[in-house]
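Single-letter residue listing:
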Amino acid sequence: MTPLITVNNLCMDFDGKRVLKNISFEIGEGEVLGIIGRSGAGKTVLMHLLRGVEQPPTSGKIIYHIAACDSCMYICMGSAAKKKKCPECGGKLVAKDVDFWDEKNEEIKRHIMKRTAIMFQRTFALYGNDRVIENVLHALDDINYPAEKAINRAADLLDEVRLSHRMMHIARDLSGGEKQRVVLARQLAKNPFLLFADEPTGTLDPETAHLVHSMLTNAAKSNTMGMVVTSHFSQVIEEVADRAMLLVDGEIAKLGSPTEVIEEFMKDFVDEEEYEPPSLGENVLIARDVYKRYISVDRGVVRAVNGVTFNVAEKEIFGIIGKSGAGKTTLSRIISGIIEPTSGEMIIRIGEE
Ligand SMILES: Nc1ncnc2c1ncn2[C@@H]1O[C@H](COP(=O)(O)OP(=O)(O)OP(=O)(O)O)[C@@H](O)[C@H]1O
Ligand SMILES: [Mg+2]
């Protein structure tokens, strides 16, 4: 393995509390590293430090082993220095070990960050009112991609995340899994050598998550792109990671194959609590034949909620489960009164009425 990043004795304190404790490891070129750990273990803090955002570490170092073009400052993985030629301008590539958080490396750090990409649980990085293709075109524009070739490149990227059939749809109207794939296409537009994904599929159902995972894996393989993926779901690590790390209270509890790391993670996962169902009261919510239809220029009639009937009683905890795009959010909005159903009744008891 040719290391891309070396992390050395990294520590991070917040208000005197140590949340990352002497973290040392390496990430190889093109490697997919999965970081698993419970909520609060320090996954996101570590990810921020690796990406170079927020505050610098309290102590320790992150070294990027890269190759930088001596004329245009384009950054490649370290091993590219052997090829010697910059793919952007034909200049000379020079291998460098960059102490990422050292203030005097501020400028090269910015150039490195341009070649890394991000993906988070919430798909905030989208222009909701714009079409899918426009979203990808914006991303290409951001990196000054030649305008005359941009349309073709955008179409290829959408093909890669298998969203060609949604090209002309408004981004806001897509399901969660589809939105996340537009985000991925936008990030791939940057032609990154490393992608940081913090809980990228945390809000998706297992099947949709699986789809997004396979796109991540394909993208990594076909673009020789490394990835750092965090999650507290073992499915993510199982499906995408070459190697995994278990973080427990800011320490590396295990570093190894995904299978052994997940096994360790699951060890202290015992569910012994006795559950006693409460006695339920009267109905507080009655939904009768609730429909919500949208008319969309692109998709015609969208049946977001399609004849739903159920009751919820006092003290009852009622769960709504369904695949991405099944209508959960629309139904929740109808229940909370944010939107009106197209037809049907949603009766809610407030106080004694
Ligand atoms: N900016 C900050 N200021 C103070 N404390 C912070 C800050 N960021 C994180 N922490 C603390 O650092 C610890 C690790 O948080 P982190 O967000 O990295 O956990 P995580 O593993 O990503 O959890 P989750 O799975 O919930 O996303 C927590 O105790 C958190 O409260
Ligand atoms: Mg987190």
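Not measured: the values here are computed from a predicted model. (Residues numbered from 1 in each chain as written. Chains lettered and ligands numbered in written order. Predicted model: local features only at pLDDT ≥ 70, side-chain atom pairs only at ≥ 80, totals over all residues. Heavy atoms only, no water.)

Peer 1: Could you clarify how one ought to interpret the sheet that holds strand S13 (residues 300-313) in this entry?
Peer 2: Sheet strands pair by backbone hydrogen bonding; their relative direction is either parallel or antiparallel. If you trace the three strands from one edge of the open sheet to the other, you get S13-S12-S14, paired in antiparallel fashion. The strands lining the two open edges of the sheet, one partner per strand, are S13 and strand S14 (343-348). Going across the sheet, the axis of each strand differs from the next one's by a mean of 20°, ignoring polarity. Across five bridges, strand S12 (residues 283-296) lies against S14 in antiparallel orientation. Across the sheet, Tyr291 pairs through a bridge with Ser343, a residue of S14. (Pairing = 2+ DSSP bridges. Helix = DSSP H or I, 4+ residues; strand = E, 2+ residues; numbered from the N terminus. Axes fitted to C-alpha atoms, helices over the stretch in contact; angles between N-to-C directions.)

Peer 1: Even after reading the chapter, I still don't get the site of ligand 1, so can you show me in this structure?
Peer 2: With respect to spatial proximity, the complete set of residues near ligand 1 consists of Phe14, Lys17, Val19, Arg38, Ser39, Gly40, Ala41, Gly42, Lys43, Thr44, Val45 and His232. Measuring from an oxygen atom of ligand 1, one finds a side-chain N or O atom of His232 at 3.1 Å. For ligand 1, whose unbound accessible area comes to 640 Å², protein coverage reaches 63%. Mapped onto the shell around ligand 1, the elements with two or more residues apiece are strand S2 (17-28) and helix H1 (43-51). Within the shell around ligand 1, the residues separate by chemical class into four nonpolar, five polar and three charged. (Near = heavy atom within 4 Å. Polar contact = N/O pair within 3.5 Å; in protein donor to acceptor, adjacent residues only side chain to side chain. Areas by Shrake-Rupley, 256 points an atom, 1.4 Å probe, with all protein chains shown as cover. Nonpolar A, V, L, I, M, F, W, Y, C, P; charged D, E, K, R; others polar.)

Peer 1: Explanation requested: the environment of Pro258 in the structure shown.
Peer 2: Mapping Pro258 onto the fold places it in helix H8 (residues 258-267). Separated by 29 residues in the primary sequence, Pro258 and Ala287 have C-alpha atoms spaced 44 Å apart. Beyond its immediate sequence surroundings of up to four residues, Pro258 is in contact with Ile237, Ala241, Asp242, Arg243 and Ala244. (Contact = heavy atoms within 4.5 Å.)

Peer 1: Would you take a moment to explain helix H5 (residues 176-188) for this structure?
Peer 2: Along an α-helix, a turn takes 3.6 residues, which lines up residues three or four apart on a common side. The terminal C-alpha atoms of H5 lie 18 Å apart, and with 13 residues this matches the ideal 18 Å at 1.5 Å per residue to within 8%. For H5, a buried count of 11 out of 13 residues is recorded, marking the element as mostly surrounded by other parts of the structure. Among the residues making up H5, those that are buried are Gly177, Glu178, Gln180, Arg181, Val182, Val183, Leu184, Ala185, Arg186, Gln187 and Leu188. Buried-residue contacts for H5 involve strand S7 (116-120), helix H3 (132-142), helix H4 (147-160), strand S8 (194-198) and helix H6 (206-222). (Expected span 1.5 Å × (residues − 1). Buried < 20%, exposed > 50% of the residue type's maximum accessible area, 1.4 Å probe, protein only.)

Peer 1: Is there a simple way to think about the packing of aromatic side chains in this case?
Peer 2: Geometrically, a pair of aromatic rings is defined through the distance of the ring centres and the angle of the planes. Here the structure, examined in full by the defined rule, presents two aromatic pairs. Ring plane angle 35° and centroid distance 4.3 Å describe the contact between Tyr64 and Phe100, whose orientation is recorded as tilted. One end of the pair, Tyr64, is in strand S4 (residues 59-69); the other, Phe100, is in the loop between strand S6 (93-99) and helix H2 (106-114), with 36 residues separating them in the sequence. Each member of the pair, Tyr64 together with Phe100, is buried. The ring of Phe100 carries the charged tip of Lys109 above its face, separated from the ring centre by 5.6 Å. Over the face of the ring belonging to Trp101 we find Lys109, whose NZ or CZ atom lies 3.7 Å from the ring centre. (Phe/Tyr/Trp six-rings, centres within 6.5 Å; stacked < 30°, edge-to-face > 60°. Lys NZ or Arg CZ within 6 Å of the ring centre and 35° of its normal.)

Peer 1: How should the domain arrangement of the protein be read in this particular structure?
Peer 2: You'll often see interface size given as the accessible area lost when the parts meet. What the domain assignment reports for the protein is domain 1 (3-115 + 192-267) and domain 2 (283-348). A C-alpha centroid distance of 40 Å is found between domain 1 and domain 2. (Domains from an automatic or database assignment.)

Peer 1: Hey, could you run me through the sheet that holds strand S10 (residues 243-248) in this one?
Peer 2: Across the sheet, which stays open at both edges, the six strands sit in the order S7-S8-S9-S3-S10-S11 with mixed pairing between neighbours. Unpaired on one side and paired on the other, S7 and strand S11 (251-256) mark the two borders of the sheet. Between one strand and the next, the sheet's axes are offset by a mean angle of 15°, whatever the strand orientation. As paired elements, strand S3 (residues 32-36) and S10 share four bridges and run parallel to each other. Of the residues in S10, the one forming a bridge with Gly34 is Ala244. Across the sheet, H1 lies against S3, S7, S8, strand S9 (226-231) and S10, angled at about 155° from S8, the strand it touches most.

Peer 1: So what exactly am I meant to see when it comes to the layout of surface pockets here?
Peer 2: Leftover empty space is mapped by rolling, across the atoms, a probe with the size of a water molecule. A volume near 1200 Å³ is recorded for the largest pocket. As for the largest pocket, its lining consists of 40 residues, of which Asp173, Leu174, Ser175, Gly176 and Gly325 are closest to the centre. Listed by contribution, the elements that provide at least two residues to the lining of the largest pocket are H5, H6, S12, S13 and helix H9 (328-335). Considering every element that reaches the lining of the largest pocket, the biggest residue donor is H5, with five residues. For the lining of the largest pocket, the per-class residue count stands at 12 nonpolar, 14 polar and 14 charged. Taken domain by domain, the lining of the largest pocket gets at least three of its residues from each of domain 1 (3-115 + 192-267) and domain 2 (283-348). In this model, the second largest pocket occupies a volume close to 430 Å³. (1 Å grid on protein atoms, 1.4 Å probe; cavity = no way out; pocket = protein on both sides within 12 Å on 5 of 7 lines; lining within 4 Å. Points joined across faces, edges and corners; volume = space filled by probe spheres on them.)

Peer 1: What is the right way to look at unusual backbone geometry in this model?
Peer 2: Where the residue is not glycine, phi is negative for most of them; where a peptide bond is considered, it is trans in most cases. The phi torsion at Asn22 lies on the positive side, around 50°, for a residue other than glycine. By the element assignment, Asn22 lies in strand S2. Unlike most non-glycine residues, Thr224 shows phi in positive territory, near 35°. Note on placement: Thr224 falls in the loop between H6 and S9.

Peer 1: Honestly, the pattern of salt bridges in this entry has me stumped. Any pointers?
Peer 2: For the coordinates displayed, the defined rule picks out 11 salt bridges. Note that Asp99 is salt-bridged to Lys61, the shortest N-O span being 3.2 Å. Taken together, the positions of Asp99 in strand S6 and Lys61 in strand S4 put the pair 38 residues apart, joining distant regions of the chain. The partly exposed category is assigned to Lys61, whose relative accessible area is 42%. In the salt-bridge network here, residues are joined through shared partners; they are Glu282, Glu314 and Arg349. (Salt bridge = Lys/Arg side-chain N within 4 Å of Asp/Glu carboxyl O.)

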